Every structure is written in C-alpha cells, then in structure tokens.
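Analysis of the macromolecular model
Residue strings, one per chain:
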Amino acid sequence: MAQGAQELVFAPLGGVGEIGMNLSIYGLGDERRRQWLAVDLGVSFAAEEHLPGVDLILPDIRYLVAERKNLVGLVLTHAHEDHYGAIIELWPQLKVPIFATPFTAALLEAKRRGEPGAPEIPVTVVPVGGRFTVGPFDVELVTMAHSIPEANALIIRTPRGAVLHTGDWKIDPTPILGDRTDETKLRALGDAGCLAIVGDSTNAVREGRSPSEADVAKTIAELVRNARGRVAVTTFASNVARLRAVADAARLADREVVVVGRAMERVVQIARETGHFDGVQDFRPHDAYGYLPPNKVVALCTGSQGEPRAALARIAADEHPEVTLSRGDMVIYSSRTIPGNEKAVGRVINGLIEQGIDVVTDRTHLVHVSGHPRRAELEELISWVRPKILIPVHGEALHLSEHAKLARKCGVKEVIQIRNGDLLRLAPDARVIDEVPSGRLYKDGWLVVDAQSRTVADRKRLSFAGALSVALAIGEKGELIDDPSVDLIGIPERDRDGGLILEAVQDAIERTIESLPRKRRADPDAVAEAVRRAVRATVAEKWGKKPMCHVHVLEV
C-alpha cells in the first residue's frame, strides 16, 4: 500500500460519555486492513442498586478479538483500575504484547498473583520517559503529574502525524512524588507539529487549577500534629504520594505508621521495590497497633469507598481483630467518593461518628485534591501543544461538552466530539467514517457475562418484585394428585385486608386447573402457562406488583 493511501484513525471503546472503563484504539492503514494499537484496558465500578451482584463493568472487546491478528500492542498509561483493571479478565482473548513502566508492571503482576487462576501475562517494561516502536507506531512516554506514580501521556507518531493521548494528568508544581508534568517535551511536540490531542475531560467544568499534593501534605501534617488520640487515614491505596505524605506527617509528630489492609500493604511493598519510597521510614504491621500508645500511632487504612470487607468498615463496625478506634480518635478521609459509592461511604462515616470519632473530610479541610486538570491547566496544555484537532474523552457528556467549548475558545481549529464506538479518521481529513462494535461486559462473581444477557435483568426484576415458584403433580386424567407446592420469595405474606397471599395463590391454581378443558390438562406446557398467568395476576391484584413466576408440572 502506498504511504499516501494510509489513514490514521481513532476509536474509543470505553471512557467516552462516562468516567472509567478506558479503552482506546489507534489504527493505521486503509479500510481493507489496518494495524491497531490499543491504549489502556480499564473497568468501571457497578452501583449495586442499578446492577445487583455485578462486581465490575468491563469494555466489550469483540472488535479487537476479531482484529487480533492486526493488533500490535497494548500500552498502559498508568495503574489505576479504570485504565488497567480489565487486563486479567480480557487479555487471554487478545494475547497482545503489553508495554508499561516499572511501577505499573509491578502492580499488575502483584494483582495477577493475588487472583486465583490468573494467567501469566508477559509485560515489556519501558523506562519512565522512554520511547519505543510497536508495529507502525512510534510511541514516546511523557511524564504527567497525577495521583499515582509513573502516569504517562503518549506521543503516538505515525506517517500521518503525531497524536498526544494525555491519559490522566494535571499540572502540579510541587507533586511530592515523581517528576512534574514534562512541559519541555510537550512544548517540543507543539513546535514539531501536533495533529491531535485526545484529552482528559474530568475536571473541565471546574475553573482555575487543581491544588497541589504539597498543600494536602501540609494539612495532613497539621491534623496529625494536633491530634491527641489515635489517627487513621484512609485513601486510595494507589496514591503513593499521599501515603508518603502521611508517613512524613507521622514522623514529624513522632508517631509510628501501621498499615491496615492487604491492598495498602501490596502498594507499599511495590513502592519500596520501585524506589518511590526511598527515604521513607519502615512501617509497622497491623498486629503492632495494639501495643502502641494512642498518641504514637497513625493507621493507614483501606476502605475509602465504603467497601464492606475493607479495613475501615470493619473498624467502624468494631469487627477488626487488631485495630480499634474510640471516642476522641480521628479518621481522615483523604480521598473523593467515587459516584455510586456515596451510600456505602456514608454508612461507614455515620458509624464512626456514632462512636464519638472525629471524621475529617475534604468538605472542611484540604485533605484531598484531584489528579485531573481544571480549565486553566487545559488551556495551558493546549497553548504548549497547539494541536490542529482536539477530541475530548474521559468524561460524561457535560465534561466532554465543556472541554470542547474551552478548546474552541483557545483557537483549536477542529474540535470533534464522539461516542464510544465511533471510528474517527484523523488524517488525511478529520471526520467520523464508521462505527465499530462496542459495549459493556459484567464481571459477575468468577464469570464475565454480556450486558445484554438475561442474568442481570432478571436479578433486577427479582429485587423489585420477588419471585414465585409453583410445583404441580398432574395425573393421567389431568387431575391434581396433591396440593400444589408454592414458594413465595420476596413477596409480602398478607394483602391490605389481612388475607394470606399464599392462600389466594393456591386457590387461583386450583380454579385455573379446574377451568381448563380436559384435553389441555394433558398438556404440561399449557397447564404451566395458564397457572403462571393466573398466579401473577392474583399477586398483582393483592399486592400491586407482578413477580417473576416459575411453574413446574410433573406428570404422574
């Protein structure tokens, strides 16, 4: 194929119109054959009231599976779950080379070892700021400040131009951990010519700049210094800069740090192995907590999102075997609540407050900052890179729209808003040219199920209106051999007049069978359907809701 015939295309398979489940693909070639590069493979978190029993939401990768022979690699921008959390579940369908920096690779390997039956996943480790070639793509990592070590933007260079895929980022002049956002490299990209920015929109609705991690560190240090009793701090385990800030605050207050929670222990170990905890004092295991005086301990706890089995929820319920808090102690929530987790977090906070524990959140103190850019930072990045095209991603509709308006205000010639599955040609001319399959998968226990399957829909119906199970034994002449066996699940016992719903259902079954012609009684399927309709109608009359109903007919 002649070089001039090649097209550079981009498609999000997740992460557009939503926050989470990030998966992007870049293609080079023509409509008959393209080579693809994937960026990130993340999850979203399910809200229990909307998706009962679902643990995680994953992107549907059927298009990549179909194109697997043309998929040259998967590059990870960083190790947050919404960018790499689907790898263990979905990589076996792709078996594509993975490229990641040392911390991301180490965290992925630790996560893999912690999941029974997880496959071996080879990862090519790329140095921070490194540059490498994968298929026809020349990829260079750009260090970006964020709330996890080694977050990267990607400069993806192709014969059709260079694209800046920002990943998650902010401009933080005092980031506590790691280097600042690499302004020099970004300005150089702008000088050389940038075709497009595919950019983070999370905070595009917020004016100004995101505060610095150094500001949070000062607040935490002050709170720990002035505390009289025990202090517990909960945050995202992956926020190594925040963990380091807590360690510094404890050292300045002459307190020991105790780590409580396996996820936190794992990240601390990896941070030490990869050099991100150089100079940080040793932490104590959780079984040392009980031996330390109240004014000499800071507990680093998992559970910032209200997870019921995490350390903080167990402490709040007074169910943790080693760690307790009492009246006058302090808990610092150094995190934001992920949308959908508000009720779970509220339950834990209320439980702590009812015990007389002082709870500090970002509502009253600067104990958390976002890792994403506000509007002034977005403007600055655009001024450095000066792209011809900007595509807002990583955000809900409002975030994407505000990012697009801001880009136009900054003079970007072409601002293109797209949805998951849109195939956007970036060069030779920018426009949506097709749609590729996209969607959602659900992690349900050990299984991954299609979002369109009946499983979750049935579960939602069960949660709303319960279920009714009927078993019947029918003789040769269509007569009932015994009383029907009826089981009501999640259905009230009595109607508003005080009558037993179970008796009404049994009466409805007997009336229905008696009313059926003898010939139809000999047909088990006809009996089952007639009974199902009758009992559902009876329950609806008595209760106002129609339950799921299963009828089993046994011929005797």
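For clarity, every value in this text was computed on a predicted model and none was experimentally measured. (Residues numbered from 1 in each chain as written. Predicted model: local features only at pLDDT ≥ 70, side-chain atom pairs only at ≥ 80, totals over all residues. Heavy atoms only, no water.)

Concerning the nonpolar core
Membership of the largest hydrophobic core comes to 74 residues, with the highest contact counts inside it found for I87 and F283. The leading source of residues in this core is helix 7 (residues 240-252), at 7 residues. The residues touching F283, leaving out its near neighbours within four places in the chain, are A247, V257, V259, V268, R272, F277 and L300. Formed by 32 residues, the second largest nonpolar core is a distinct cluster that contains Y26, I391, I418 and A427. (Core = buried A, V, L, I, M, F, W, Y, C linked by side-chain atoms within 4.5 Å. Buried < 20%, exposed > 50% of the residue type's maximum accessible area, 1.4 Å probe, protein only. Helix = DSSP H or I, 4+ residues; strand = E, 2+ residues; numbered from the N terminus. Contact = heavy atoms within 4.5 Å.)

Describing the pairing of strand 14 (residues 231-234)
Alternating positions in strand 14 separate into two faces, V231 and V233 on one and A232 and T234 on the other, with burial throughout. Strand direction decides the pairing type here: strand 14 and strand 16 (residues 297-301), joined by 4 bridges, are parallel. Across the sheet, residue A232 finds its bridge partner in strand 16, namely A299. (Pairing = 2+ DSSP bridges.)

A short note on the sheet that holds strand 14
Pairing between the strands of a sheet is mediated by backbone hydrogen bonds and can be parallel or antiparallel. With parallel pairing, the 5 strands of this open sheet are ordered in space as 15-16-14-17-18. The sheet is open, and its two borders are formed by strand 15 (256-260) and strand 18 (358-360), each paired with just one other strand. Here the strands of the sheet are splayed against their neighbours by 20° on average, with no regard to which way each runs. As judged from the 3 bridges shared by strand 17 (residues 330-333) and strand 18, these two strands associate in the parallel manner. Each residue of the ladder has a partner; that of V331, found in strand 18, is V359. (Axes fitted to C-alpha atoms, helices over the stretch in contact; angles between N-to-C directions.)

Structural notes on the pairing of strand 25 (residues 467-474)
With 6 of 8 residues buried, strand 25 is to be regarded as a mostly interior element. When strand 25 meets strand 26 (residues 485-489), the two strands line up antiparallel, connected through 5 bridges. By the bridge assignment for strand 26, A471 is matched with S485. Across 8 bridges, the pairing between strand 25 and strand 27 (residues 548-555) is parallel. For S469, the partnering residue across the bridge sits in strand 27 and is H550.

Describing unusual backbone geometry
A cis geometry characterises the amide bond from A427 onward to P428, with omega recorded as 15°. Positive phi, normally seen in glycine, also occurs at R386, with a value near 50°. By the element assignment, R386 lies in the loop between helix 11 (375-385) and strand 19 (389-393). Looking at R386, the relative accessible area reads 43%, which means it is partly exposed. You will see that H394, though not glycine, has its phi angle at about 55°, which is positive. Residue classification places H394 among the buried positions, given a relative accessible area of 4%.

Points about the packing of helix 6 (residues 213-226) against helix 7
For the pair helix 6 and helix 7, interaxial distance at closest approach is 9 Å and the crossing angle is 35°. Handedness of the crossing formed by helix 6 with helix 7: right-handed. Two secondary-structure elements touch here, helix 6 through E213, V216, A217, I220, A221 and V224 and helix 7 through A241, R242, A245, V246, A249 and A250. Across the contact of helix 6 with helix 7, the residue classes break down as 10 nonpolar, no polar and 2 charged. (Left-handed = near helix turned anticlockwise from the far one by under 90°. Nonpolar A, V, L, I, M, F, W, Y, C, P; charged D, E, K, R; others polar.)

Concerning the side chain of T512
Take T512: it is sitting in helix 14 (residues 501-515). On the accessibility criterion, T512 (13% relative accessible area) is buried. At a separation of 2.7 Å, a polar atom in the side chain of T512 contacts the main-chain carbonyl oxygen of A508. (Polar contact = N/O pair within 3.5 Å; in protein donor to acceptor, adjacent residues only side chain to side chain.)

Re the environment of L390
Position of L390 among the secondary structure elements: in strand 19. In contact with L390, not counting residues within four places along its chain, are I197, I382, H403, A407, V412, E414, V415 and I416.

Re the packing of aromatic side chains
Applying the stated criterion to the full structure yields 4 aromatic pairs. Relative to Y26, the ring of F10 lies with its centre 5.0 Å away and its plane at 40°, an arrangement referred to as tilted. With a gap of 16 residues between them, F10 in strand 1 (residues 7-14) and Y26 in strand 2 (residues 23-29) connect regions that are remote in the sequence. A centroid spacing of 5.7 Å and a plane angle of 85° characterise the contact between W36 and Y63, whose relative ring orientation is edge-to-face. In this pair, W36 is assigned in strand 3 (residues 34-39) and Y63 in helix 1 (residues 62-66), connecting sequence segments 27 residues apart. As far as burial versus exposure is concerned, W36 and Y63 are alike and both buried. The residue whose ring lies beneath R272 is F283, and the NZ or CZ to ring-centre distance is 5.0 Å. (Phe/Tyr/Trp six-rings, centres within 6.5 Å; stacked < 30°, edge-to-face > 60°. Lys NZ or Arg CZ within 6 Å of the ring centre and 35° of its normal.)

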